[in-house]
Amino acid sequence: MPGLLRGVARTAVVAGTATAVSNRVSRRQQGRWAQQEYQEAPPQYAPAAPPPPPAPSVDDMSGRIDQLKQLGELKAQGVLTEAEFEEQKRRILG
């Protein structure tokens, strides 16, 4: 009987340790995932991108060049994404 009791006690200790380790690993993974999601998500307090410059009413090439320069600066500053830049460029040139 003492051998059986010792085996049951050992099994309980091993199972308890395994459960504690598993819970700790789960909590650490959840913390890492939450941190990763927080870093990838855009801040909610960020101001909206400024409206695109209006298209020239007259077919003025220098006005278009100035607008393209402004768009390039906004893209370089990180205000516009590549897709937004391409869309605005098409509007100006189209």
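Rules used throughout
- Residues numbered from 1 in each chain as written.
- Predicted model: local features only at pLDDT ≥ 70, side-chain atom pairs only at ≥ 80, totals over all residues.
- Heavy atoms only, no water.
- Helix = DSSP H or I, 4+ residues; strand = E, 2+ residues; numbered from the N terminus.
- Buried < 20%, exposed > 50% of the residue type's maximum accessible area, 1.4 Å probe, protein only.
- Areas by Shrake-Rupley, 256 points an atom, 1.4 Å probe, with all protein chains shown as cover.
- Phe/Tyr/Trp six-rings, centres within 6.5 Å; stacked < 30°, edge-to-face > 60°.
- Lys NZ or Arg CZ within 6 Å of the ring centre and 35° of its normal.
- pLDDT = per-residue confidence, 0-100.
- Axes fitted to C-alpha atoms, helices over the stretch in contact; angles between N-to-C directions.
- Parallel < 35°, antiparallel > 145°, perpendicular 65-115°, else oblique.
- Contact = heavy atoms within 4.5 Å.
- Nonpolar A, V, L, I, M, F, W, Y, C, P; charged D, E, K, R; others polar.
- Salt bridge = Lys/Arg side-chain N within 4 Å of Asp/Glu carboxyl O.
- Patch = residues over 30% accessible without salt bridge, like charges linked within 9 Å, V, L, I, M, F, W, Y side chains within 5 Å.
- Lys, Arg positive; Asp, Glu negative; His and termini not counted.
- Charge placed at Lys NZ, Arg CZ, Asp CG, Glu CD.
- Expected span 1.5 Å × (residues − 1).

Participant: Just checking my understanding: could you explain the overall build of the protein chain for this structure?
Facilitator: Looking only at helices and strands, the protein chain features 3 helices and 0 strands. Along its sequence from the N terminus, the protein chain presents helices and strands in the succession α-α-α. Within the protein chain, the fraction of its 94 residues that count as buried is 7%. As presented, the protein chain carries roughly 8,100 Å² of accessible surface, and 58% of it is formed by carbon and sulfur atoms.

Participant: How should the packing of aromatic side chains be read in this particular structure?
Facilitator: For any pair of aromatic rings, the description rests on two quantities: the centre-to-centre distance and the angle between the ring planes. Using the criterion set out here, one finds 0 aromatic pairs in the structure. The residue whose ring lies beneath Lys 75 is Phe 85, and the NZ or CZ to ring-centre distance is 5.0 Å.

Participant: Got a minute to help me understand the confidence of the model for the protein chain in this structure?
Facilitator: In regions of low pLDDT, the predicted coordinates are not meant to be interpreted in detail. Taken over all residues, the pLDDT of the protein chain has a mean of 79, while the share at 70 or more is 81%. Confidence scores differ between elements of the protein chain, with helix H1 (residues 2–40) showing the lowest mean pLDDT of 80 and helix H3 (residues 82–93) the highest of 88.

Participant: Explain the packing of helix H2 (residues 61–77) against H3 here, please?
Facilitator: Two numbers describe a pair of packed helices, the interaxial angle and the distance between the axes. Where H2 meets H3, the closest approach of the two axes is 10 Å, and the angle between their N-to-C directions is 175 degrees. Viewed along their axes, H2 and H3 adopt a mutual orientation that is roughly antiparallel. Residue-level inspection shows Arg 64, Gln 67, Leu 68, Leu 71, Gly 72 and Lys 75 of H2 in contact with H3, the latter providing Glu 82, Phe 85, Gln 88, Lys 89, Ile 92 and Leu 93. In terms of residue class, the contact of H2 with H3 is built from 5 nonpolar, 3 polar and 4 charged.

Participant: How do you make sense of the pattern of salt bridges when you look at a structure like this?
Facilitator: Pairing is possible between side chains that carry opposite charge, provided their charged atoms lie close to one another. With the rule as written, the count across this model stands at 3 salt bridges. For Lys 75, the salt bridge is made with Glu 82, and the minimal N-O distance between the two is 2.8 Å. Here Arg 91 and Glu 87 are joined by a salt bridge, their closest N and O atoms 3.1 Å apart. Note that Arg 91 and Glu 87 are positioned in helix H3 at a spacing of 4 residues, about one turn of the helix.

Participant: Can you walk me through a positive patch on the surface in this structure?
Facilitator: Where like charges cluster on the molecular surface, the positive patch consists of Arg 24, Arg 27, Arg 28 and Arg 32. By the secondary structure assignment, Arg 24 is in helix H1.

Participant: How should I be thinking about H2 in this particular structure?
Facilitator: For the α-helix, the turn length of 3.6 residues means that residues three or four positions removed from each other point alike. In this model H2 runs 24 Å from its N-terminal to its C-terminal C-alpha over 17 residues, within 8% of the 24 Å that 1.5 Å per residue would give. Contact partners of the buried residues in H2: H3. Following H2 by one or two positions, Gly 78 has its phi on the positive side, about 90 degrees.

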